[in-house]
Each structure stands twice: as structure tokens, then as C-alpha cells.
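Structural description and commentary
For reference, the chains in residue letters:
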Amino acid sequence: MTADGTMTVSWADFRAWERQLTTCTHPIRLRGRIDALDLATGELAPVYDTAAEDGGVLHVACGNRRETVCPACSAVYKRDARQLVRAGLAGGKGIPETITAHPCVFATLTAPSFGPVHARRMRGKTVLPCHPRRDANARRCHHGRDISCPTRHAEGDPRLGQPMCGDCYDYTSAVLFNAYAGDLWRRFVTYLPRRLARLAGVTQKMLHAQLSVRFVKVAEYQARGVVHFHAVIRLDAPGEDYQPPPAAYTADLLCDAIDQAAAVALPVEHGGQVLMLGFGTQTDRRPVRHDTIVSTGKPLDVDAVANYIAKYATKTLHAPGVPDTRIRHAAEIPGLRCSAHYRAMISTAWDLGSRQATGEARFRQWAHMLGYGGHFLTKSRRYSVTFGQLRAARTSYRRAQRHPGGERDPWGRPLDETVVLILSTWTYAGTGHSTATPGAELATASAARAREHHGQATTR
Ligand SMILES: [Zn+2]
Ligand SMILES: [Zn+2]
Ligand SMILES: [Zn+2]
């Protein structure tokens, strides 16, 4: 910001803003002008003025990744996530296709049990009874509740994930797991190369000279309200050119190392004792391209994996009655119209944030997320392309279509560094579509189209 209240902006930023596709359901409205300044002559020329737009404002997409907040922007993000994951599995977008030959594993790391919950258990295609107990004496917990359930639960049964007895359920550990799941994952990522080195019989130093572990992972809420992680983990040679690692590092070796690293524990102090947080024992991992998905029997191919990961990149907690935003007061919790189980998770998180418990702000800050405050999609450097690269490619494609002869500055010369863009009188004019424009209806319609289109793309 300069003394006279103006700001400079890069041509790249300007490109990204200019005439954005406002399919966004509640865009940010901006009003202002951009001028170009010739640094050599001091001459100023207008480049863009929102006065020329319908309603006199520029609609900038909100860019929110959450499906429940903005269907249009999250659809764009999901598409990018899908391309990003796919490029790391099959190549493309600047990643060599030889990447398909690298050892690559799709892994799921779950939380341990915090008490029995209603579950849809399967053997092949048969749904098994939830918690059958023939022995009448074993049917009641020490609270006197019947903890048996002979039901073969259908998919989407609202009882799924609910504890058999809320008093027996270990809510504190469940919320602590969510709160520290991100730390646990980072610890897993730290241990993985060490386990690989040991299995391959080399020192860690040698391993780092031969190998880079690269991944993309998403967090998903299970019905019981605890997160678990799905990850694509791949082995490359170190460096930026995506070369294969030495042949000794196979997908099977990677699977074994994942099993060992998943046994990692994270000590957390609570109530005067040290709790050891860890993943559940049911680590699912399978080499991509050589295995099948048990539930569907279909080959675990790159598109299936990319769709699966992208699906969770835009979904956060998806449950009726759970608030979208932060809880500010404890008094809000009893009135929440979500399930009693989720309400108990939220109130446990709230209590864990008290000064007497942990005093850590994150518990209250993320109480509405049942304690999980981490990112929904994370990746290592050089898994594949970045979201930024995908966005830039999209903008320059659009730009090239609009300016077939290449871009020019206001004086008709090809762009270079002697001309800078200056933002003047740039102000925020609200969010949502301004009523003066017919854009709102259009945006709703195109958001619906985007959803439909995406639905078709994923069910293929
Ligand atoms: Zn949006
Ligand atoms: Zn049940
Ligand atoms: Zn009980």
C-alpha cells in the first residue's frame, strides 16, 4: 500500500480476477479501477474499471472448498483435486507417464475403537447382524443398557456410528484422537522412511540419497464422528524429475513399512496422566493397479482412487444439525439439533478446551468439527502438480483465447516489467450477487449444472 492509498498488483493476479466465471453462489463484490503505470515515462493509462461491469461491481468467486458452503467453487476445487491426484498416479500435467511404474500404495489409516457402535458389518456381499449376543448375561453393560443389536443395518441407517451405550463410550479419547490426528499423521510420515530404511537394510542417510516418499492424503469423518485418513503414497527417486527409485524398493516393501509406521504412538497429557494416542489396528493398504476394492470388486485403478480422494477433499463433517461455524458459547450446545452422539462429541471438545482441562484454544475452536481442525487435503512437496499451477494454467488458457495475438499493455506494446498495474479506489462492496445484475439466477443455474456434470463424471 502506498502513501496515497493505492496498491500495485501483478499482471498474474489481475488475470485471475478479470471477468471470473461467477458461477459462485455468494461471490465477493469489488468496486474500483486498475491503471497501468509506465515506469519509464510516468504515464498512467486505465486498464480496467468495474464501472463498465453490470451493476458496477466485479464478482470474484468466494473460492470456498466446502460443498455445503459453495457448490460451484467446491466443484472447481474437487475437479482440481482429482487432476492433481490423477497426475501423481498416471502422469500428465507435466508429470511423466513413467510414474505409473513407481511403487504406489493406497492406504487407509483408521482410529481405534472408543466403545462399541452400531455398524454395518459385511462378509462378502452379506450384511451381518450388528452386535448379536446370545448370552443374556452379556447383553447389558454396567449401566444396565442392552448393548446387543441383532439388526442387519441398511446403508444410511441413522443408528450407524451411534454408541451402544453413551455412558460407556470413551468420548474424551475420541475427541483427543480427532484433535491430534494431524500430529499423528505427521509422526507416521516421519517414521515411514525409517521403517523403509530398516526393511531395505540401509542407513537412513543412504535411503534419503536413493528415495523420496511422496503422498497426497484426505481426511474423512466416519459415521461415529472420528476422522480417518486415505492416502496415496508413492516412492520416487529424490529430485524434481520424477524418476523411479532403485528396484529394491517395491510396493510390497512399502506396504510392510506402512504397517510398521502405522503402529506409531503419540503421547498426550490429559488429567494428570499420559495417554498414548494411535491409529487402529485395521490399516488397509493395497498397491494401486495390482489389487481390487473389496466392497465393489472393481480393480483399484487410478480413476477410482482419484475420484475417491477428490470426493473427500470438499466434504467436511456432513451431518444434519451440526453447525457450519464456530460455537461461541457453551449454552448453544444443548440446543443443537444433531444426534445425541455428535452433541456429546461437541460438548466433550468444549469441556476439553476449559482452563481446568487442557486450556488449549483448539478444542473450542474446532468443537463444531468434533475436535478435528486439520486440513481435509494435504500433500507432500512434489506429489504432482499444485493447485496453484492448475489454476494458473486455467487462467492463461482463458486469457490466450481472449487475446490470440498475445497480451498488450494499454500503449499497445507486449507486456514487460517496465509497466506496473496500480489498484486505485479498490473497495469491498459486499458479498453475494448484487440484485442489479441478472447474474444471481444464472449462477444458481450453472452451479446446478456443474453439480450435475460432476455427478455424471464420478458415476461413470
Ligand atoms: Zn463460491
Ligand atoms: Zn446395531
Ligand atoms: Zn454403559
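On a predicted model such as this, the values are computed, not experimentally measured, just so you know.

Observations concerning the coordination of the zinc ion (ligand 3)
Around the zinc ion (ligand 3), the protein contributes the donor atoms Cys141 (SG), His143 (ND1), Cys165 (SG) and Cys168 (SG), which lie 2.0 to 2.3 Å from the metal centre. Along the chain, the residues that donate to the zinc ion (ligand 3) are spaced as C-x1-H-x21-C-x2-C. Here the residue His143 occupies a position in the loop between β7 (126-128) and α3 (171-200), and Cys165 occupies one in the loop between β7 and α3, the gap between them amounting to 22 residues. For His143, a relative accessible area of 36% corresponds to the partly exposed category. Of the residues examined, Cys165 reaches a relative accessible area of 4% and is grouped as buried.

What to know about the packing of aromatic side chains
All told, the structure shown has 15 aromatic pairs when counted by the stated rule. Seen in terms of ring centroids, Phe177 and Phe279 are 6.3 Å apart; in terms of plane orientation they differ by 75 degrees. Their pairing is edge-to-face. Residue Phe177 is found in helix α3, and its partner Phe279 is found in the loop between β11 (273-278) and β12 (284-287); the two are separated by 102 residues along the sequence. Assigned by exposure class, Phe177 and Phe279 land together as buried. Pairwise contacts between aromatic rings join Phe114, Phe177, Trp185, Phe188, Phe215, Tyr221, Phe229, Phe279, Tyr372 and Phe376 into one cluster. Sitting over the face of the ring of Tyr191, Arg194 holds its NZ or CZ atom 5.1 Å from the ring centroid. Seen from the ring of Phe229, Lys217 lies directly overhead, with NZ or CZ sitting 4.7 Å from the centre.

Notes on the coordination of the zinc ion (ligand 2)
Each pair of donors in an ideal octahedron of six around a metal sits at 90 or 180 degrees, and each pair in an ideal tetrahedron of four sits at 109.5 degrees. Protein coordination of the zinc ion (ligand 2) is provided by His118 (ND1), Cys130 (SG), Cys149 (SG) and His153 (NE2), with donor distances spanning 2.0 to 2.4 Å. Around the zinc ion (ligand 2), the 4 donor atoms are arranged such that angles at the metal cover 103 to 115 degrees; this shape is classified as tetrahedral. Expressed as a motif, the donor residue spacing for the zinc ion (ligand 2) is H-x11-C-x18-C-x3-H. You can see His118 sitting in the loop between β5 (104-109) and β6 (121-123) and its partner Cys149 sitting in the loop between β7 and α3, a full 31 residues away along the chain. Here His118 falls in the buried class, since its relative accessible area comes to 15%.

Considering the sheet that holds β12
Sheet strands pair by backbone hydrogen bonding; their relative direction is either parallel or antiparallel. In spatial order, the strands read β12-β5-β9-β8-β13; together these 5 strands make up an open sheet with antiparallel pairing. Two strands close off the open sheet at either side, each with one partner strand: β12 and β13 (377-379). When strand polarity is set aside, the average angle formed by the axes of neighbouring strands in this sheet is 15 degrees. Note: β5 against strand β9 (residues 227-236), 6 bridges, orientation antiparallel. Note that in β9 the partner of Phe106 across the bridge is Val232. Sheet contacts for helix α6 (residues 302-313): β5, β8 (212-221), β9 and β13; angle to β8, the most-contacted strand, approximately 55 degrees.

Examining the pairing of strand β3 (residues 44-49)
Within a regular beta strand, the side chains point alternately toward one face of the sheet and then the other, so they alternate between its two faces. Where strand β2 (residues 28-38) lies against β3, 5 bridges are found, and the strand directions are antiparallel. What sits directly across from Ala36, in β3, is Ala45. In sequence, β2 turns back onto β3 through a hairpin of 5 residues, with Gly42 there showing a positive phi of about 80 degrees.

Quick notes on the nonpolar core
Ranked by size, the top nonpolar core spans 66 residues in total, and within it Phe188 and Ile233 carry the most contacts. Of all elements in the fold, only β5, α3, β8, β9, α5 (251-261), β10 (265-270) and α7 (340-352) reach the threshold of two or more residues within this core. Broken down by element, this core gets its largest block of residues, 14 residues, from α3. Grouped together as the second largest cluster of nonpolar side chains are 24 residues, Ala81, Leu84, Val302 and Leu377 included.

A word on the environment of Gly225
Relative to the helices and strands, Gly225 resides in the loop between β8 and β9. Distance from Gly225 to Leu370, taken between C-alpha atoms, is 6.9 Å for residues 145 residues apart in sequence. Not counting residues up to four positions away in its chain, the partners in contact with Gly225 are Asn178, Tyr342, Met345 and Leu370.

Describing the pattern of salt bridges
Applying the stated rule across the entire model yields 18 salt bridges. When the shortest N-O distance is used, the salt bridge between Asp303 and Arg82 registers 4.0 Å. Placement of the pair is Asp303 in helix α6 and Arg82 in helix α2 (residues 71-90), with a sequence separation of 221 residues. Across the salt bridge formed by Arg234 and Asp236, the nearest N and O atoms sit 2.7 Å from each other. The class for Arg234 is buried, based on a relative accessible area of 0%. Residue Asp236 is classed as buried on the basis of its relative accessible area of 0%. One network of salt bridges, with partners in common, ties together Asp183, Arg186, Glu360 and Arg362.

Calculation notes
Residues numbered from 1 in each chain as written. Chains lettered and ligands numbered in written order. Predicted model: local features only at pLDDT ≥ 70, side-chain atom pairs only at ≥ 80, totals over all residues. Heavy atoms only, no water. Donors = N, O, S within 2.8 Å, 3.2 Å for Na, K, Ca; no water. Helix = DSSP H or I, 4+ residues; strand = E, 2+ residues; numbered from the N terminus. Buried < 20%, exposed > 50% of the residue type's maximum accessible area, 1.4 Å probe, protein only. Phe/Tyr/Trp six-rings, centres within 6.5 Å; stacked < 30°, edge-to-face > 60°. Lys NZ or Arg CZ within 6 Å of the ring centre and 35° of its normal. Tetrahedral: all angles 85-135°; square planar, octahedral: opposite > 155°, others 65-115°. Pairing = 2+ DSSP bridges. Axes fitted to C-alpha atoms, helices over the stretch in contact; angles between N-to-C directions. Contact = heavy atoms within 4.5 Å. Core = buried A, V, L, I, M, F, W, Y, C linked by side-chain atoms within 4.5 Å. Salt bridge = Lys/Arg side-chain N within 4 Å of Asp/Glu carboxyl O.

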